[in-house]
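Here is how the chains run, residue by residue.
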Amino acid sequence: MTSKADKNRRTSYTLAAARRKVEESVGGDTIEIFVEEGGEAFYLPHPYFYDTATKKALKGADDEDESAQGRILLGDEQYEKFIEQGGTDEGINLVMIAVGQDLKDSQGN
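The structure displayed is predicted, hence computed values, not measured ones.

S.K.: I keep staring at the nonpolar core and nothing clicks. Help me out?
M.R.: A general feature of soluble globular proteins is that nonpolar side chains tend to end up buried together. The biggest cluster of nonpolar side chains holds 13 residues, and the ones touching the most others in it are Ile 33, Leu 44, Leu 74, Phe 82, Ile 92 and Met 96. Looking at this core, the elements with two or more residues in it are β1 (30-34), β2 (41-45), α4 (68-74), α5 (76-84) and α6 (89-106). Ranked by residues supplied to this core, first place goes to α6 with four residues. Those residues in contact with Ile 33 that lie beyond four places of it in its chain are Glu 40, Ala 41, Phe 42, Leu 44, Phe 82 and Val 95.

Spelled out as structure tokens, the structure:
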């Protein structure tokens, strides 16, 4: 049987507090990637924090355009520098797979 105290006990969050909690659990709202150790850092949004425009762009991306995901996530300027320094579209895909695996592991799945 549930007591009145149990019924009154609940967890509540402000949206800002919930965001901070998730950011802390996944290491922030951006992912930092490097082409090579000690190289320039590139930043893309963490999948949990994609804005509406990013979600729509990824959903509408041409499957035949190998650079679409990288351009959407890094932006054109960062993407060009990333490629110039030896980064690849496959590398971005691998980073996103690694992020997905980290999320799965952190959730105990």
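S.K.: Explanation requested: helix α2 (residues 15-26) in the structure shown.
M.R.: An α-helix turns once per 3.6 residues; consequently, residues spaced three or four apart project the same way. If you check α2, its first and last C-alpha atoms are 17 Å apart, about what twelve residues at 1.5 Å a residue would give, namely 16 Å. Looking one or two places after α2, you find Gly 27, whose phi comes out positive at around 90 degrees.

S.K.: Help me understand the packing of aromatic side chains, please; the structure alone is not making it clear to me.
M.R.: Here a ring pair, both rings aromatic, is described through the centre-centre distance and the interplanar angle of the planes. Scanning the model with the defined rule gives one aromatic pair in all. A ring pair is formed by Phe 42 and Phe 82, whose centres lie 5.3 Å apart and whose planes are at 85 degrees; its orientation type is edge-to-face. Of this pair, Phe 42 sits in strand β2 while Phe 82 sits in helix α5, and the two are 40 residues apart along the sequence. As far as burial versus exposure is concerned, Phe 42 and Phe 82 are alike and both buried.

S.K.: Teacher, can you tell me more about the pairing of β1 here?
M.R.: Each regular strand shows side chains that alternate between the opposite faces of the sheet. The side-chain alternation of β1 yields one buried face, formed by Ile 31 and Ile 33, and one unburied face, formed by Thr 30, Glu 32 and Phe 34. Two strands pair when backbone bridges link them, and β1 and β2 are joined in this way by five bridges, in the antiparallel orientation. Looking across to β2, one finds that Phe 34 is bridged to Ala 41. In textbook terms, the turn of a hairpin is the stretch between consecutive antiparallel strands, and for β1 and β2 this stretch comprises six residues, one of which, Gly 38, has a positive phi near 80 degrees.

S.K.: Just checking my understanding: could you explain the pattern of salt bridges for this structure?
M.R.: Think of it this way: side chains of opposite charge can pair up when their charged atoms draw near. Applying the stated rule across the entire model yields five salt bridges. For Glu 23, the salt bridge is made with Arg 19, and the minimal N-O distance between the two is 2.8 Å. On the criterion of helical spacing, the pair formed by Glu 23 and Arg 19 is a turn pair, its members being four residues apart in helix α2. Classification of Arg 19 as partly exposed rests on a relative accessible area of 38%. Here Arg 19 ties to Asp 29 by a salt bridge, and the two come within 3.0 Å at their closest N and O atoms. One end of the pair, Arg 19, is in helix α2; the other, Asp 29, is in the loop between α2 and β1, and ten residues separate them in sequence. In the salt-bridge network here, residues are joined through shared partners; they are Arg 19, Glu 23 and Asp 29.

The rules we used
- Residues numbered from 1 in each chain as written.
- Predicted model: local features only at pLDDT ≥ 70, side-chain atom pairs only at ≥ 80, totals over all residues.
- Heavy atoms only, no water.
- Core = buried A, V, L, I, M, F, W, Y, C linked by side-chain atoms within 4.5 Å.
- Buried < 20%, exposed > 50% of the residue type's maximum accessible area, 1.4 Å probe, protein only.
- Helix = DSSP H or I, 4+ residues; strand = E, 2+ residues; numbered from the N terminus.
- Contact = heavy atoms within 4.5 Å.
- Expected span 1.5 Å × (residues − 1).
- Phe/Tyr/Trp six-rings, centres within 6.5 Å; stacked < 30°, edge-to-face > 60°.
- Pairing = 2+ DSSP bridges.
- Salt bridge = Lys/Arg side-chain N within 4 Å of Asp/Glu carboxyl O.

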